[in-house]
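# Residue-level structure breakdown
Below, each chain spelled out in residue letters.
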Amino acid sequence: METTLGLILLMVVLLGVAFYASRLLIMRGMRQVIRQFRAQGATTPKGAMTAVEMGLVRGSFTDRMFRIRDYRPMALDLLRQADVVKMTGEGRLYLSEEALAQSPVKKFAGIE
């Protein structure tokens, strides 16, 4: 009985750690994506770039098998859902500094 309870407790702790770790990695990915948009000057519709040009697309299955998981494409999706990263008519992406300043994403990810 004690070993079963101990195993259940261990599994709950491990699930909590996994959830917290993925959250930290997503937050770091958001900061990296925003830093990359700013560094490449993609902060206006005129300076917008594609996700491929910025290197923010998911790799192929074989690429992902042999590398550490890249959370930046997932972070980009979340930033687009939060309307912080906007899309032009041509499918190019840019960071809206105004939307970022008003978004709760800024506080969540610790973005400056």
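Residues numbered from 1 in each chain as written. Predicted model: local features only at pLDDT ≥ 70, side-chain atom pairs only at ≥ 80, totals over all residues. Heavy atoms only, no water.

Here we come to the overall build of the protein. Along the backbone of the protein there are 6 helices and 2 strands. From first element to last, N terminus to C terminus, the protein shows the α and β order α-α-α-α-β-β-α-α. Computed over the C-alpha atoms, the radius of gyration of the protein is 18 Å, more than 25% above the 13 Å expected from 2.2 N^0.38 for a compact globule of 112 residues. Here the C-alpha coordinates of the protein stretch approximately 65 × 35 × 20 Å along the principal axes. Per-residue burial over the protein gives 29% buried out of 112 residues. Considering only residue pairs separated by 6 or more positions, the protein has 55% of its internal contacts joining residues 24 or more positions apart. (Helix = DSSP H or I, 4+ residues; strand = E, 2+ residues; numbered from the N terminus. Rg over C-alpha atoms; globule rule 2.2 N^0.38 Å. Buried < 20%, exposed > 50% of the residue type's maximum accessible area, 1.4 Å probe, protein only. Contact = heavy atoms within 4.5 Å.)

Closest axis-to-axis distance for the helix α1 (residues 2-39)/helix α4 (residues 72-81) pair is 8 Å, and the angle between their directions is 80°. Between α1 and α4, the angle is such that the two are roughly perpendicular. On α4, the residues touching I26, G29, M30, Q32, V33, I34, Q36 and F37 of α1 are R72, M74, A75, L76, L78 and L79. (Axes fitted to C-alpha atoms, helices over the stretch in contact; angles between N-to-C directions. Parallel < 35°, antiparallel > 145°, perpendicular 65-115°, else oblique.)

Moving on: the pattern of salt bridges. For the coordinates displayed, the defined rule picks out 5 salt bridges. Two residues, R58 and D77, come together in a salt bridge whose shortest N-O distance is 3.2 Å. Here D77 lies in helix α4 and R58 lies in the loop between α2 (51-54) and α3 (61-65), a separation of 19 residues in the sequence. As a salt-bridge pair, D70 and R72 come within 3.2 Å of each other at their nearest N and O atoms. Owing to a relative accessible area of 36%, D70 belongs among the partly exposed residues under this scheme. (Salt bridge = Lys/Arg side-chain N within 4 Å of Asp/Glu carboxyl O.)

This part covers the side chain of S96. With respect to the secondary-structure elements, S96 resides in the loop between β2 (93-95) and α5 (97-102). On the basis of relative accessible area, S96 is assigned to the buried category, the value being 7%. A distance of 3.2 Å separates a polar atom in the side chain of S96 from the backbone nitrogen of A99. Those residues in contact with S96 that sit more than four places away from it in its chain are V84 and K86. (Polar contact = N/O pair within 3.5 Å; in protein donor to acceptor, adjacent residues only side chain to side chain.)

Tracing the backbone shows T88 in the loop between β1 (85-87) and β2. Exposure remark for T88: the relative accessible area of 14% places this residue in the buried category. C-alpha separation for the pair T88 and M74, spaced 14 residues apart in sequence, amounts to 20 Å.

Our next topic: the nonpolar core. Counting 23 residues, the largest nonpolar core has F37, L76 and L79 as the members making the most contacts within it. Elements with a minimum of two residues in this core: α1, α2, α4, β2 and α6 (104-109). Sorting elements by how many residues they give to this core places α1 first, with 6 residues. Ignoring sequence-local partners within four residues, the contact set of F37 consists of A42, T43, M54, L56, L76, V85, L93, Y94 and L95. (Core = buried A, V, L, I, M, F, W, Y, C linked by side-chain atoms within 4.5 Å.)

We now examine the confidence of the model for the protein. Averaged over all residues, the pLDDT of the protein is 88; the fraction at 70 or higher stands at 97%. Within the protein, the element-level pLDDT minimum falls on α3, averaging 68, and the maximum on β2, averaging 96. (pLDDT = per-residue confidence, 0-100.)

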